[in-house]
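Residue-level structure breakdown
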Amino acid sequence: DTAVSQTPKYLVTQMGNDKSIKCEQNLGHDTMYWYKQDSKKFLKIMFSYNNKELIINETVPNRFSPKSPDKAHLNLHINSLELGDSAVYFCASSQSLPDEQYFGPGTRLTVT
Amino acid sequence: ILNVEQSPQSLHVQEGDSTNFTCSFPSSNFYALHWYRWETAKSPEALFVMTLNGDEKKKGRISATLNTKEGYSYLYIKGSQPEDSATYLCAFNALNLIWGLGTSLAVNP
């Protein structure tokens, strides 16, 4: 049973396209996150939702828009993809903000 | 600007050696301190979440201590094994979760 799943695992696309990455958790957690692992392997938080409400919104381009249809799902939509968006994106969930986080397998996005 | 610093940046030890790393964080607005283990090509996995000053937690050969007044946490690995090779991340939880850059551990057989 996969606790936190992401689709797709790999995504190769061209500059200017719009793409989405989906995340689902079956742990019953209230809080979900999106992280970007940059080229230096640094893990940086992008967004966090608690019960479908945005609670953390770090400084990311507004081309990135999270959407949470319910508390088990947090999708990431990216408009007008740029070369610099190439990275591994991780979804995670936790019962609440201070609690340990469970990470998905990651989505490797390559923009050509 | 809140900063979380981890040292050393990388570490090479021999199998059987014991080792420790440091995570330094702001001593104000403390809520929790997380430790994660991140193996190459996998996802980070939680080791410990620590909330109280003086907390000491243990999981097998790995243990961690917490000093919120001076703003540091130590992670100890006793008798390192090759399977302990990974990056160990700490994250400071105030209003947001701020991650350190990690300590990369390589254990040589």
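Scroll up to find the structure this text is about.
Now for a description of the structure that goes with this document. These numbers come from a predicted model, not from an experiment.

Further remarks concern the environment of Cys-23 of chain A. All names here are of chain A. Mapped onto the secondary structure, Cys-23 falls in strand β3 (residues 19-25). On the accessibility criterion, Cys-23 (1% relative accessible area) is buried. Taking the C-alpha atoms as reference points, Cys-23 and Asp-38, separated by 15 residues in sequence, lie 19 Å from one another. With near-sequence residues (within four places) excluded, Cys-23 lies in contact with Val-4, Ser-5, Met-32, Trp-34, Ala-72, His-73, Leu-74, Asn-75 and Cys-91.

As a further point, take the pairing of β3 of chain A. Residue and element names in this part refer to chain A. The sheet contact formed by strand β1 (residues 4-7) and β3 spans 4 bridges and is antiparallel. Looking at β3, one finds that Ser-5 is bridged to Glu-24. Across 4 bridges, β3 lies against strand β8 (residues 73-78) in antiparallel orientation. Following the sheet pairing, Glu-24 is matched in β8 by His-73.

A separate point is the interface of chain B and chain A. Taken together, the contacts link 18 residues of chain B with 18 residues of chain A. Between chain B and chain A, a total of about 1,400 Å² is buried, with carbon and sulfur atoms accounting for 64% of that surface. When the buried surface of chain B facing chain A is broken down by residue, Trp-38, Leu-97 and Trp-99 of chain B rank first, second and third, together holding 34% of it. On the surface where chain B and chain A come into contact, there are 4 residue pairs in polar contact (both at pLDDT 80 or more).

With that settled, consider the sheet that holds β3 of chain A. Residue and element names in this part refer to chain A. Within the open sheet, the 4 strands sit side by side as β1-β3-β8-β7. Their pairing is antiparallel. Because the sheet does not close on itself, it has two edges, and the strands there are β1 and β7 (64-70). For this sheet, the mean angle separating the axes of adjacent strands, direction not counted, is 20°. Relative to β8, β7 is paired through 5 bridges, and the arrangement is antiparallel.

Turning to the packing of aromatic side chains, a few remarks are in order. Tallied over the entire structure, the rule returns 15 aromatic pairs over all chains. Their ring planes at 75° and their centres at 6.0 Å tell us that Phe-103 of chain A and Trp-99 of chain B sit as a pair that is edge-to-face. One end of the pair, Phe-103 of chain A, is in strand β10 (residues 102-103); the other, Trp-99 of chain B, is in strand β10 (residues 97-99), on a second chain. An aromatic cluster of three or more residues is present, and its members are Tyr-33, Tyr-35, Phe-90 and Phe-103 of chain A together with Tyr-36, Trp-38 and Trp-99 of chain B.

Grouped together as the largest cluster of nonpolar side chains are 25 residues, with contacts concentrated most on Leu-33, Trp-35, Leu-75 and Tyr-88 of chain B. Where this core is concerned, the elements lending two or more residues are β2 (10-14), β3 (19-24), β4 (32-38), β5 (45-50), β7 (62-67), β8 (72-77), β9 (86-93) and β11 (103-108) of chain B. A per-element tally of this core places β9 of chain B first, with 4 residues. Met-32, Trp-34, Ile-78 and Leu-81 of chain A belong to the second-largest nonpolar core, a separate cluster that totals 19 residues.

Considering all chains together, one arrives at 2 disulfides over all chains under this definition. Between Cys-23 of chain A and Cys-91 of chain A runs a disulfide, and the two sulfur atoms are separated by 1.8 Å. Negative torsions about the S-S bond denote left-handed disulfides, and the value of about -75° found for Cys-23 of chain A with Cys-91 of chain A makes this one left-handed. Here Cys-23 of chain A is found in strand β3, whereas its partner Cys-91 of chain A is found in strand β9 (residues 87-94), with 68 residues between them in sequence. Residue Cys-91 of chain A is classed as buried on the basis of its relative accessible area, which comes to 0%. Each sulfur of the disulfide joining Cys-23 of chain B and Cys-90 of chain B lies 1.9 Å from the other. Its S-S torsion of about 75° marks the bond between Cys-23 of chain B and Cys-90 of chain B as right-handed, since a negative value means left-handed. With Cys-23 of chain B in strand β3 and Cys-90 of chain B in strand β9, the pair connects residues that are 67 residues apart, well separated along the chain. Of the two residues, Cys-23 of chain B and Cys-90 of chain B, neither departs from the other in class, the shared state being buried.

Conventions adopted
- Residues numbered from 1 in each chain as written.
- Chains lettered and ligands numbered in written order.
- Predicted model: local features only at pLDDT ≥ 70, side-chain atom pairs only at ≥ 80, totals over all residues.
- Heavy atoms only, no water.
- Helix = DSSP H or I, 4+ residues; strand = E, 2+ residues; numbered from the N terminus.
- Buried < 20%, exposed > 50% of the residue type's maximum accessible area, 1.4 Å probe, protein only.
- Contact = heavy atoms within 4.5 Å.
- Pairing = 2+ DSSP bridges.
- Buried area = accessible area lost by both parts, 1.4 Å probe.
- Polar contact = N/O pair within 3.5 Å; in protein donor to acceptor, adjacent residues only side chain to side chain.
- Axes fitted to C-alpha atoms, helices over the stretch in contact; angles between N-to-C directions.
- Phe/Tyr/Trp six-rings, centres within 6.5 Å; stacked < 30°, edge-to-face > 60°.
- Core = buried A, V, L, I, M, F, W, Y, C linked by side-chain atoms within 4.5 Å.
- Disulfide = S-S within 2.5 Å.

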